[in-house]
Amino acid sequence: MTVFRPESLEHIKDAVAWAADNSTPLEITGSGTKRAVGRTMQTEASLDLSGLAGITLYEPEELVLSAWAGTLRSEAEAALKKNAQQFAFEPPDLSRLLGTEHAGTLAGMTAANLAGPRRIKAGAARDHFLGFHGVSGRGEIFRSGGRVVKNVTGYDLSKVLAGSWGTLAVMSSVTYKVLPAPETQKTVVVAGLDDATATSAMAAAMKSSCEVSGAAHLPAGVASCSAVADISAIGNSATVLRLEGIAPSVEFRKDKLIRILSGFGESAVLEAVPSSDLWTEIRDVHYLASSPDLLVWRISVPPMDGQKVLAAIGQATEVTAFYDWAGGLIWAAVPVSEHGSAEIIRGSAAMTSGHATLIRAPAGLRAALPVFQPQPASLAALSARLKQAFDPKGILNPGRMYP
Amino acid sequence: MSRLVMPEPNGALLAGRARIARDLRTICPGEGVIDAPGEMKAYESDGLTAYRQVPLVVVLPETTQQVSEVLRYCHKNDIPVVPRGAGTSLSGGALPLEDGVLLGLGKFNRILEIDYDNRCAVVQPGVTNLAITQAVEHEGFYYAPDPSSQIACSIGGNVAENAGGVHCLKYGLTTNNVLGLEMVLITGEVIRLGGKHMDCEGYDMLGLMTGSEGLLGVVTEVTVRILQKPETARALLIGFPSSAQAGQCVADVISAGIIAGGMEMMDKPAIHAAEEFVHAGYPLEAEALLIVELDGPEAEVDHLIDRVSQIAKSNAADTVRVSQSEEERMAFWAGRKAAFPAVGRISPDYYCMDGTIPRNQLPRVLAGMQEMSRKYALRVANVFHAGDGNLHPLILYDANKPGELERAEDFGADILKLCVEVGGVLTGEHGVGVEKRDLMPEMFSETDLAHQQRVKCAFDDKNLLNPGKVFPTLHRCAELGRMHIHGGRIAFPDIPRF
C-alpha cells in the first residue's frame, strides 16, 4: 500500500491530485488514533499528516493558535498550559477507550469535532475552529475562515470541515480560538439519586446563575469504578456539578449551588485536585475503557430525554452507561451482537430527537451497521451533494460516514 | 444606486409578472401576495439604503407548507428568490431583484415553545431578537447575541447573517447559540437540522446555514439556546491618552485571563459625537475610551473590577471610573449605544464599515485610516468591539455633494483592504451581501471562492436563491463541477513513501 507522508501543503495537493487522477481511494489520517472509528473503508493508499506538524502562530493575548494539521494535541496543549490557556471545549482524550497510544492530532480533533464536559457552556471544537488551509478531493488548495473570532466573510466552511471525518478535504493547517484556563475548580456531589431525579437536579443547577461548567451523573455501577476515592467510596450513584473560575467566585457559587440542590439531598464538595481528576475520567470515558469487548455508543439527545432513552435501552439489553452534558450525552457500553443494539438505541420511542454514533466496535460490525445516525432522505441527499461538491471522485475516506 | 452591477434581469420573467403573481396567489391567497408597485416600495431596500430595487412580486407566506410551495414553484419556473426577515441588513443581503420574488418571513412571528429545563426556545424566524429575551426574562433567562438592531432585527435574519453584538467574545455569535433549524430548500424540500440536543448529526449543515446570507435555504423555524442572566454586571469607563495604550490595556486584560462580558473602544471623534448627543460624562480630552463590562457573581465582578482598574492604570489611563449603580452602568453604555445616531447628528450621512482585525494591529489600522481620511477629505469616527477585534469605522459624508458617496465607498473599500492586509477579514458581523461582494477577491483566491460556490450548488443548483449576493462572479454549477485532468502524473519524488 502506498503511504504518503506530506511535509508541505504542496505535497498534499500532489498526493490528492494523483489519487483523483487515478480514482484511488485514500485513507486520510492525522496520527491514526481514531482509525477504528467510522464505517470500515476500502482504501488503496493512505495520506498520513503526522509529518506536517508544529505550531506556526500562537499569540496568547490575541487568543489564537495556528498549527500544521498533524501537530500532536499534546504539543499544542502543553504550549497553551504554559500560558494558562486551553481549548475551552475540553477535547476528550479517547486513547484509553480506543486503545491507542495518545490523544492524536489537531486534525483528528477537528475532523471528529470533539467536545468534553464543558460542551454545555463553551461549545464543541466547531465553535472554536476559526479557519483552515487544505486540499479538497479535487486536488486543489483552498482556505476558509481566518484568525479572528468575528468573521462572516463567505460561507463558514470550518463548520462543515469540523466533524467531517476527513471525507470532504485534507486539512493542512488549522487555526483555533483559545481561552484562559480557569484558575481553580470545585465539584459539588449529590449522592444516591436515581437517573430521573439526577436529571432534574442537573436541570436545576443549569437553570441557576451558578455557571456550571460540567454536569454529569454516574449511576452506582459506574461511580464505583471511579479512581477518585471520594466518588467510589459513595457506594451509590453520584451526580456531579463542576464550578470553575477565580477562587472567590467558585467559593460563592459552590455555596449557592448547595442551597439550590438542598431539596435533592445533601451535597459534598470535591476540591480542585480530585475535581480535576474526576472530570478527566468523565471526559475521557475511562469507565467504559476497562472492558474492551463491549460496544460503545455515544448518544446526544435533549438533556431531559437522556434518562428516558437510557431506561428504554436498559429494558432491551444489558448496558453500562453514564450521563454527561446535564443528561444530554450518554456514553453506553453494550454487549457485542450482530445488530449492535443499533435499533434498540435509535428506534427507541424515547429518542425523538438526537443522534447515536457507534464509537467503538469491531471492524466487521462497522462494515455492517450504520455507524453514524442514518438521515432522512432529503438530508441524506443533501449530504451526498455536499460530499460530491468537495470530493467529486469520492476518494477521501470514502464510505467512512455514509455508504 | 452607485456602481453596483446586479445580474441581468430575465425579460421573460418581467413580462410574465402578472401571471406569476396570479400563480403565487393560489399558494398564498389574499394579502399573501403584493404586486402593486406602490405597496412593494416598502420592500425596495434593507438597512443599506444606498441601494434600492422594487422586486417583481412580494410574497408573504404564513406556513412552512406555503414557503415550500412557493419555492417549488419558483424552482420549476426558474424565478430568483430573495428571502427577507426584518430588512435590517447593513450589507444589502435583502436587496430585491427586478426579476425576483421577494419572500418576506414577517408573518412567521410566533414563539412556539420555551423549554427552560432543556434551556432552549423554539421560535419562528420573524420573531425579533429582543422578543426572545423578553419572552424568557421573567424566569431570569436571556438570548445572548445582541446586535445593536436587536429591537427590530429578526432571528431568521440573525441566522442568515450570523449576527453578533457586543458580548461575542464571552457568549459567542449566533452560530454558537443556535441548536436547530427547520429550513426549506429551493426545491421545496423541508429539512430539519439539529434540535434541542447538542451538535448537528452528520455534516454540520447548521453551521453552514448560519451566515449563508439567504443563499442556501429559507429558514422557517429556529431553536436557540437561552442562558441564565449573570447575577450582576458592572462597567469601567477608562480614558487613555492614545489608542495604542487602550489597545495594550485590552491585551493585558486578556493576558491576565479575564474574559470581559463586553469591551468596547471609541476614538476621539466618536467620543465627542457621543458626548454631545447623550452627555454620558465621557472624558473629552481622551484620545481613546474603553468601556469594560464584567458580569457574573458579585464576588467575581468586584474582584475583577479591581484587577482591570490596576491594569488600566499601569497603561497610563487618565480616567478610570467604576459604575456604582445600575443607572451609572447604563449611562456608560448610553454613549456607545448611541454612537451611530450621534455621528449621524454631526454629518448628513455616514457609511458604517465592519472589518475585523487582529487586535494588536489596531494602532496600525487607525493610523492608516487617518492617512486615508486626508486622502479622501472625509472624516472618520471609530467604534471598536475591542474584545473580538471587530472595527466599525463610520465614514462621514454628504450624499447631496456630488461624488462624496463614491469617495466614501472608495475610502471604505480601502479600509477593508487594509483589514485583510493585516490578517483580518472584510466583515465581522454585517455580512458580505452586495456591499462587500466585489471585495471578496481581496481575501479569497478564485479557487477558494469556487469551493464556496460549489457548496451553493449542492443546495441550489440553479442559482435561484439570492443571486448576485456574496459572490462577485456567477458561475454555472456545471462549469464549477468540471474536474480538470491533471495528466495522470505518477512520480512524486519529493514525497517520502514507506
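About the criteria used
Residues numbered from 1 in each chain as written. Chains lettered and ligands numbered in written order. Predicted model: local features only at pLDDT ≥ 70, side-chain atom pairs only at ≥ 80, totals over all residues. Heavy atoms only, no water. Helix = DSSP H or I, 4+ residues; strand = E, 2+ residues; numbered from the N terminus. Rg over C-alpha atoms; globule rule 2.2 N^0.38 Å. Buried < 20%, exposed > 50% of the residue type's maximum accessible area, 1.4 Å probe, protein only. Contact = heavy atoms within 4.5 Å. Domains from an automatic or database assignment. Buried area = accessible area lost by both parts, 1.4 Å probe. Salt bridge = Lys/Arg side-chain N within 4 Å of Asp/Glu carboxyl O. Polar contact = N/O pair within 3.5 Å; in protein donor to acceptor, adjacent residues only side chain to side chain. Nonpolar A, V, L, I, M, F, W, Y, C, P; charged D, E, K, R; others polar. Disulfide = S-S within 2.5 Å. Pairing = 2+ DSSP bridges. Axes fitted to C-alpha atoms, helices over the stretch in contact; angles between N-to-C directions. Core = buried A, V, L, I, M, F, W, Y, C linked by side-chain atoms within 4.5 Å. Phe/Tyr/Trp six-rings, centres within 6.5 Å; stacked < 30°, edge-to-face > 60°.

Caption draft 1: Representation of the overall build of chain B in the model. The secondary structure content of chain B amounts to 18 helices and 18 strands. Radius of gyration (C-alpha) of chain B: 24 Å, near the 23 Å computed for a compact globule of 498 residues. Scored against the burial criterion, the 498 residues of chain B give a buried share of 63%. Sequence separation of 24 or more characterises 71% of the internal contacts of chain B that already satisfy a separation of 6 or more.

Caption draft 2: Spatial organisation of the domain arrangement of chain A. Residues and elements named next belong to chain A. If you check the domain split of chain A, you get domain 1 (2-180), domain 2 (184-283) and domain 3 (286-368). Computed over C-alpha atoms, the centres of domain 1 and domain 2 are 32 Å apart. Across the boundary between the two partners, domain 1 contributes 9 residues, which contact 11 residues of domain 2. Surface buried jointly by domain 1 and domain 2 totals about 750 Å² across both partners, of which 59% is contributed by carbon and sulfur atoms. Area buried by domain 1 at its contact with domain 2 is led by Pro117, Ile120 and Lys121, which between them contribute 56% of it. One can count 2 salt bridges joining domain 1 with domain 2. Across the pair Glu90 and Arg242 runs a salt bridge whose closest N-O atoms are separated by 2.8 Å. For the pair domain 1 and domain 2, the interface holds 2 residue pairs in polar contact (both at pLDDT 80 or more). Considered class by class, the residues forming the side of domain 1 that touches domain 2 number 4 nonpolar, 1 polar and 4 charged.

Caption draft 3: Seen up close, the domain arrangement of chain B. Residues and elements named next belong to chain B. Domain parsing of chain B yields domain 1 (11-104), domain 2 (111-228), domain 3 (232-340), domain 4 (347-433) and domain 5 (439-491). Relative to domain 4, the C-alpha centre of domain 1 lies at a distance of 32 Å. Each side of the interface is counted separately: domain 1 has 7 residues, and domain 4 has 6 residues. Both sides together, the interface formed by domain 1 and domain 4 hides about 420 Å², and carbon and sulfur atoms give 59% of it. If you look at where domain 1 meets domain 4, you find 0 salt bridges. At the junction of domain 1 and domain 4, the tally comes to 2 residue pairs in polar contact (both at pLDDT 80 or more). Of the residues assigned to the side of domain 1 that touches domain 4, the class counts are 3 nonpolar, 4 polar and no charged.

Caption draft 4: Layout of the state of the cysteines. Residue and element names in this part refer to chain B. Per the counting criterion, the structure on display carries 1 disulfide over all chains. Here Cys457 pairs with Cys477 through a disulfide, and the sulfurs are 2.0 Å apart. Taking the sign of the torsion about the S-S bond as the criterion, the disulfide between Cys457 and Cys477, at about -90°, is left-handed. Placement of Cys457 in helix H17 (residues 446-459) and of Cys477 in helix H18 (residues 477-481) is noted, with a sequence separation of 20 residues between them. The same class applies to Cys457 as to Cys477, namely buried.

Caption draft 5: Main features of the sheet that holds strand S4 (residues 55-59) of chain A. Strand order in the open sheet made by the 5 strands is S4-S5-S9-S7-S8 (chain A), with antiparallel pairing throughout. At either margin of the open sheet sits one strand with a lone partner, and together these are S4 and strand S8 (141-145) of chain A. In this sheet, neighbouring strand axes are inclined to one another by 15° on average, regardless of whether the strands run parallel or antiparallel. Of the pairings in the sheet, the one linking strand S7 (residues 129-136) of chain A to S8(A) comprises 5 bridges and is antiparallel in character. The residue of S8(A) that forms the bridge with Val135(A) is Ile141(A). Relative to the sheet, H17(B) contacts S7 and S8 of chain A, its axis offset from that of S8(A) by approximately 70°.

Caption draft 6: Broad picture of the nonpolar core. Ranked by size, the top nonpolar core spans 240 residues in total, and within it Ile299(A) and Phe459(B) carry the most contacts. A per-element tally of this core places helix H15 (residues 404-421) of chain B first, with 9 residues. Residues contacting Phe459(B), with those up to four places away along its chain left out, are Leu382(A), Leu386(A), Met183(B), Leu185(B), Ile186(B), Met205(B), Leu208(B), Met209(B) and Leu216(B).

Caption draft 7: Expanded view of the side chain of His167(B). Residues and elements named next belong to chain B. Mapped onto the elements, His167 comes out in the loop between helix H6 (155-161) and helix H7 (168-171). By relative accessible area, which is 16% here, His167 ends up buried. A distance of 2.8 Å separates polar atoms of two side chains, one belonging to His167 and the other to Asp146. When neighbours within four sequence positions are excluded, His167 is seen to be in contact with Asp146, Gly172, Gly261, Gly262 and Glu293.

Caption draft 8: Summary view of the interface of chain A and chain B. In this complex, chain A contributes 93 residues to the contact, which on the side of chain B involves 101 residues. Both sides of the chain A and chain B interface together cover about 8200 Å² of buried area, and 58% of this is carbon and sulfur. Considering only the surface of chain A that becomes buried against chain B, Lys150(A), Val152(A) and Tyr155(A) emerge as the three largest contributors, covering 12% of it. Connecting chain A to chain B are 8 salt bridges. In this structure, Asp204(B) and Arg126(A) form a salt bridge, with 2.8 Å as the shortest nitrogen-oxygen distance.

Caption draft 9: Structural context of the packing of aromatic side chains. Throughout the structure, instances matching the rule amount to 17 aromatic pairs over all chains. One aromatic cluster is present, built from ring pairs that chain together Phe87(A), Phe89(A), Phe129(A), Phe132(A), Phe142(A), Tyr176(A) and Phe390(A).

Caption draft 10: Spatial organisation of unusual backbone geometry. All names here are of chain A. Even without glycine at this site, Leu63 takes up a positive phi of about 60°. The buried category is assigned to Leu63, whose relative accessible area is 1%. Residues other than glycine seldom take positive phi values, yet Glu90 does so here, at roughly 55°. Within the secondary structure layout, Glu90 lies in the loop between strand S6 (85-86) and helix H3 (95-98). Its relative accessible area of 9% is what places Glu90 among the buried residues.

Caption draft 11: Region of the structure containing the sheet that holds strand S9 (residues 190-194) of chain B. Residue and element names in this part refer to chain B. Taking strand neighbours across the sheet as the criterion, the 5 strands line up as S5-S6-S10-S8-S9 in an open arrangement whose pairing is antiparallel. Sheet topology places strand S5 (111-115) and S9 at the edges, where each strand pairs with a single neighbour. Geometrically, the sheet is characterised by an average inter-axis angle of 10° between neighbouring strands, direction not taken into account. Examined bridge by bridge, strand S8 (residues 178-184) and S9 share 5 bridges and lie antiparallel to one another. Of the residues in S9, the one forming a bridge with Gly180 is Gly194. Strands S8, S9 and strand S10 (218-225) of the sheet are contacted by helix H4 (residues 64-76), whose axis makes an angle of about 50° with S8.

Caption draft 12: How the structure looks around the environment of Gly194(B). Residues and elements named next belong to chain B. Within the secondary structure layout, Gly194 lies in strand S9. Residue Gly194 is classed as buried on the basis of its relative accessible area, which comes to 14%. The spatial distance from the C-alpha of Gly194 to the C-alpha of Leu179 is 5.9 Å, given a sequence separation of 15 residues. Look past the residues within four positions of Gly194 in its chain and what remains in contact with it is Leu179, Gly180, Cys200 and Glu201.

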